[in-house]
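# Chains, contacts and geometry: an overview
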Amino acid sequence: MNYEAQRQASLESPTFSQLNAWLTKRIRELSVETLASQAFTCTACGEVSGEYLVDYEGQTYRFDTATTYAFLEFILAKQPTAVG
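These lines cover the structure that appears in this document, whether it is placed above or below. (Residues numbered from 1 in each chain as written. Predicted model: local features only at pLDDT ≥ 70, side-chain atom pairs only at ≥ 80, totals over all residues. Heavy atoms only, no water.)

### Structural notes on the pattern of salt bridges
Per the stated rule, a full pass over the model turns up four salt bridges. Between Glu73 and Arg26 there is a salt bridge whose closest N-O contact spans 3.5 Å. Placement of the pair is Glu73 in helix H4 (residues 65–78) and Arg26 in helix H2 (residues 14–33), with a sequence separation of 47 residues. Assessed through its relative accessible area of 18%, Arg26 is described here as buried. (Salt bridge = Lys/Arg side-chain N within 4 Å of Asp/Glu carboxyl O. Helix = DSSP H or I, 4+ residues; strand = E, 2+ residues; numbered from the N terminus. Buried < 20%, exposed > 50% of the residue type's maximum accessible area, 1.4 Å probe, protein only.)

### Remarks on the packing of aromatic side chains
The final tally for this structure, using the stated rule, is six aromatic pairs. Ring geometry for Tyr61 versus Phe63: centroids 5.6 Å apart, planes at 10 degrees, classification stacked. Judged by its relative accessible area of 28%, Tyr61 is partly exposed. Judged by relative accessible area, which is 16%, Phe63 ranks as buried. (Phe/Tyr/Trp six-rings, centres within 6.5 Å; stacked < 30°, edge-to-face > 60°.)

### As for the sheet that holds strand S2 (residues 51–56)
Spatially, S1-S2-S3 is the arrangement adopted by the three strands of the open sheet, whose pairing is antiparallel. Both outer strands of the open sheet, strand S1 (40–42) and strand S3 (59–64), are each paired with one neighbouring strand and no more. Neighbour-to-neighbour, the strand axes of the sheet open up by a mean angle of 20 degrees, direction not taken into account. Summarising the sheet, S2 and S3 pair through six bridges and their orientation is antiparallel. Bridge pairing in S3 places Tyr56 opposite Gln59. Packed on one face of the sheet, H4 meets S1, S2 and S3 and runs near 130 degrees to S3. (Pairing = 2+ DSSP bridges. Axes fitted to C-alpha atoms, helices over the stretch in contact; angles between N-to-C directions. Contact = heavy atoms within 4.5 Å.)

Set out below in structure tokens:
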């Protein structure tokens with residue numbers, strides 16, 4: 001199977017569909033968690049166009065789903081942790 005056919009089969013697999021649903025859910029959750037860092041994510045954009053808009057530190061970024069997830073995780077990792 002050539003690369004393109006294998007890639008297309010992967011994208012059409014039930015596992016990829018489950019991964020995509022999980023990523024979408026996690027992006028919604030992370031969007032709320034990153035508000036403390038002044039990061040604003042258009043989650044509706046991801047559902048409509050497949051890309052997300054993220055406003056952070058005066059910049060607007062347009063990312064695909066996987067990059068949005070990684071970027072929001074990155075923002076959270078930069079936040080100071082509360083010591084209780």
